[in-house]
Amino acid sequence: MPKSAPTEPPHPTPDDVTQHLGYLIKRTQSALRGAMDKVLRAHGLTVPQYATLELLALHPGMSNADLARATFVTRQSGNVVLRGLQEAGLITRPATADHGRARPTHLTEEGHRRLTEVQSAVYAIERRMLDAIPPHRLPALLADLNHLATALEQ
């Protein structure tokens with residue numbers, strides 16, 4: 001059986017997988033998640049719960065399906081997140097839908113208070129990331145990350 005030639009990676013670091021783009025993105029995501037888990041745990045929240053609170057503060061009335069997509073979890077996991085937030089008194093949603101199946105979700109007063117309480121800790125993590133790069137490079141980095149996500153979502 002003939003041996004096939006090894007596939008060359010599409011960038012200049014073929015011998016070190018730890019320098020590949022995908023590896024570095026995953027390393028960054030893992031470090032971000034770990035840092036967020038740590039500060040959120042102290043406030044009794046998970047990353048998906050925090051993300052849900054942030055989104056509902058910006059877009060009150062989002063449905064479970066919309067929240068699940070926006071927080072990168074399945075609809076089933078999104079339901080678990082919403083149930084936990086509702087049991088904690090941080091969100092409200094009607095028992096039944098007015099039309100269709102979507103049940104709009106809103107932050108309670110306690111939900112707004114808890115979000116405000118934890119935001120500074122989460123934003124401090126983002127500040128640590130931003131402090132690691134020159135400010136003039138941030139717009140290009142954000143644009144590049146958006147381009148990468150779009151390329152994979154197509």
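Residues numbered from 1 in each chain as written. Predicted model: local features only at pLDDT ≥ 70, side-chain atom pairs only at ≥ 80, totals over all residues. Heavy atoms only, no water.

## Focus: the overall build of the protein chain
Here's step 1: When you go through the protein chain residue by residue, the secondary structure sums to six helices and two strands.
Here's step 2: Along its sequence from the N terminus, the protein chain presents helices and strands in the succession α-α-α-α-β-β-α-α.
Here's step 3: Against the compact-globule benchmark of 15 Å for 154 residues, the protein chain has a radius of gyration of 20 Å, which places it well outside the compact range.
Here's step 4: A principal-axis box enclosing the C-alpha atoms of the protein chain has dimensions of 65 × 40 × 25 Å.
Here's step 5: Here the contacts in the protein chain between residues at least 6 apart in sequence split such that 45% fall between residues at least 24 apart.
Here's step 6: Counting every atom, the protein chain has about 11,000 Å² of accessible surface; 58% of that belongs to carbon and sulfur.
Here's step 7: Once the 17 positive and 15 negative side-chain charges of the protein chain are each reduced to a mean point, those two points are 5 Å apart. (Helix = DSSP H or I, 4+ residues; strand = E, 2+ residues; numbered from the N terminus. Rg over C-alpha atoms; globule rule 2.2 N^0.38 Å. Contact = heavy atoms within 4.5 Å. Areas by Shrake-Rupley, 256 points an atom, 1.4 Å probe, with all protein chains shown as cover. Lys, Arg positive; Asp, Glu negative; His and termini not counted. Charge placed at Lys NZ, Arg CZ, Asp CG, Glu CD.)

## Some thoughts on the pattern of salt bridges
Here's step 1: The tally for this structure, following the rule as stated, stands at five salt bridges.
Here's step 2: Here aspartate 66 ties to arginine 69 by a salt bridge, and the two come within 2.6 Å at their closest N and O atoms. With a gap of three residues between them, aspartate 66 and arginine 69 both fall in helix α3 (residues 64-70), about one helical turn apart.
Here's step 3: Judged by its relative accessible area of 33%, aspartate 66 falls in the partly exposed class.
Here's step 4: In this structure arginine 69 comes out as exposed when scored by relative accessible area, which is 56%. (Salt bridge = Lys/Arg side-chain N within 4 Å of Asp/Glu carboxyl O. Buried < 20%, exposed > 50% of the residue type's maximum accessible area, 1.4 Å probe, protein only.)

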